[in-house]
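Coordinate inspection notes
Listed below, chain by chain, are the residues.
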Amino acid sequence: PDVPVIAIDGPSASGKGTVAQRVAERLGFHYLDSGALYRLVALAALRAGVAWDDEAGLERLAQELKVRFDAGRVWLGDEEVTDAIRSEEVSRGASSVAQWPAVREALLDRQRAFRQPPGLVADGRDMGSVVFPDARVKIFLTASPEVRAQRRYKQLMEKGMSANIQTLLQDIRARDARDSQRSAAPLQKCADASLLDTSDLTIDQAVEAVLKQYRASS
Ligand code: C5P
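Residues numbered from 1 in each chain as written. Predicted model: local features only at pLDDT ≥ 70, side-chain atom pairs only at ≥ 80, totals over all residues. Heavy atoms only, no water.

**Quick word on the overall build of the chain**
When helices and strands are tallied, the chain shows nine helices and eight strands. Relative to the globule expectation of 17 Å for 218 residues, the C-alpha radius of gyration of the chain, 16 Å, shows essentially globular dimensions. Projected onto its principal axes, the C-alpha coordinates of the chain cover approximately 50 × 40 × 35 Å. Going through the 218 residues of the chain one by one, you find that 48% of them count as buried. (Helix = DSSP H or I, 4+ residues; strand = E, 2+ residues; numbered from the N terminus. Rg over C-alpha atoms; globule rule 2.2 N^0.38 Å. Buried < 20%, exposed > 50% of the residue type's maximum accessible area, 1.4 Å probe, protein only.)

Structure follows, in structure tokens:
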């Protein structure tokens with residue numbers, strides 16, 4: 001409780017990952033990319049041939065996940081999977097595995113362990129509602145589906161990956177629907193979170209808005 005948490009929740013491709021990382025850098029805080037954990041479970045499931053509806057099998061993978069985060073890179077066991085967990089296949093899989101309460105439960109302690117002095121910036125879907133309900137600052141960061149599809153498109157192009165903007169938009173809409181309609185920790189703005197719509201903001205402006213709220217809170 002005395003280690004402050006800034007919880008940043010919101011839909012995929014809203015820019016919350018970039019914003020959360022920069023806020024963490026500015027404050028010298030730790031950073032938790034909770035979506036990466038769901039992505040890692042999905043990748044592990046693809047590798048092990050565990051089906052998306054096998055809740056017990058996915059729970060076991062989540063419990064036994066051997067992960068390491070370092071300087072923006074991610075390892076699953078000995079293998080670096082920084083790019084592999086960003087593929088569209090893994091994105092869809094992550095949203096499937098995240099529907100299972102047993103999987104979410106299995107990842108709780110792992111997420112809470114990131115709360116270390118001097119503070120933590122956590123990004124995901126349920127940081128403010130479930131994982132860190134006592135967060136100092138709670139932000140629901142979003143942007144229109146069209147803007148998010150554009151941003152994802154640009155990201156993929158920069159990585160030299162191919163993409164189709166209409167497909168990305170469809171995927172974003174489908175993932176939003178799945179994430180907000182599921183019964184376990186659905187994506188929604190909790191009552192004590194403040195809304196930050198970044199459709200017309202630059203990354204720097206969004207970062208400043210979060211920092212301003214944090215300063216006002218402490
Ligand atoms: O944030 P990101 O797009 O990397 O998350 C991948 C998927 O993991 C999301 O579509 C969502 O279903 C799930 N997720 C979640 N709870 C979180 C973070 C991510 O359910 N805290």
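**Remarks on the packing of aromatic side chains**
How two aromatic rings sit relative to each other is set out by the distance from centre to centre and by the angle between their planes. The tally for this structure, following the rule as stated, stands at two aromatic pairs. Taken together, a centroid distance of 5.7 Å and an interplanar angle of 85 degrees make the contact between phenylalanine 29 and tyrosine 214 edge-to-face. With phenylalanine 29 in the loop between helix H1 (16-27) and strand S2 (30-33) and tyrosine 214 in helix H9 (residues 203-217), this pair connects stretches of sequence that are 185 residues apart. Summarising the burial analysis for this pair, phenylalanine 29 and tyrosine 214 share the class buried. Lying over the aromatic face of tryptophan 75, arginine 68 brings its terminal NZ or CZ to 4.2 Å of the ring centre. (Phe/Tyr/Trp six-rings, centres within 6.5 Å; stacked < 30°, edge-to-face > 60°. Lys NZ or Arg CZ within 6 Å of the ring centre and 35° of its normal.)

**Quick notes on the sheet that holds strand S4 (residues 73-76)**
Pairing is antiparallel across the open sheet formed by three strands, whose spatial order is S3-S4-S5. Edge positions in the sheet fall to strand S3 (67-70) and strand S5 (79-80), since each of these pairs with one other strand and no more. Pairing of S4 with S5 involves two bridges; the strand directions are antiparallel. If you follow tryptophan 75 over to S5, its bridge partner there is glutamate 80. (Pairing = 2+ DSSP bridges.)

**Quick look at the packing of helix H2 (residues 34-48) against helix H4 (residues 88-97)**
Two numbers describe how H2 lies on H4: the axes approach to 8 Å, and their chain directions differ by 105 degrees. By the angle class used here, H2 and H4 are roughly perpendicular. Packed against H2, whose contacting residues are Tyr38, Arg39, Val41, Ala42, Leu43 and Leu46, the element H4 presents Glu89, Val90, Ser91, Gly93, Ala94 and Val97 at the interface. (Axes fitted to C-alpha atoms, helices over the stretch in contact; angles between N-to-C directions. Parallel < 35°, antiparallel > 145°, perpendicular 65-115°, else oblique. Contact = heavy atoms within 4.5 Å.)

**Considering the site of the ligand**
The environment of the ligand is made up of 18 residues, and the closest members are Arg39, Arg104, Arg125, Asp126 and Asp179. In the environment of the ligand, an oxygen atom lies 2.6 Å from a nitrogen or oxygen atom belonging to the side chain of arginine 39. At a separation of 2.8 Å, a nitrogen atom of the ligand approaches a polar side-chain atom of aspartate 126. Burial of the ligand by the protein amounts to 97% of the accessible area it has alone, namely 450 Å². Every element with two or more residues in the shell around the ligand is listed here: H2, H4 and helix H8 (165-181). Ranked by residue count, the leading element in the shell around the ligand is H2, at four residues. (Near = heavy atom within 4 Å. Polar contact = N/O pair within 3.5 Å; in protein donor to acceptor, adjacent residues only side chain to side chain. Areas by Shrake-Rupley, 256 points an atom, 1.4 Å probe, with all protein chains shown as cover.)

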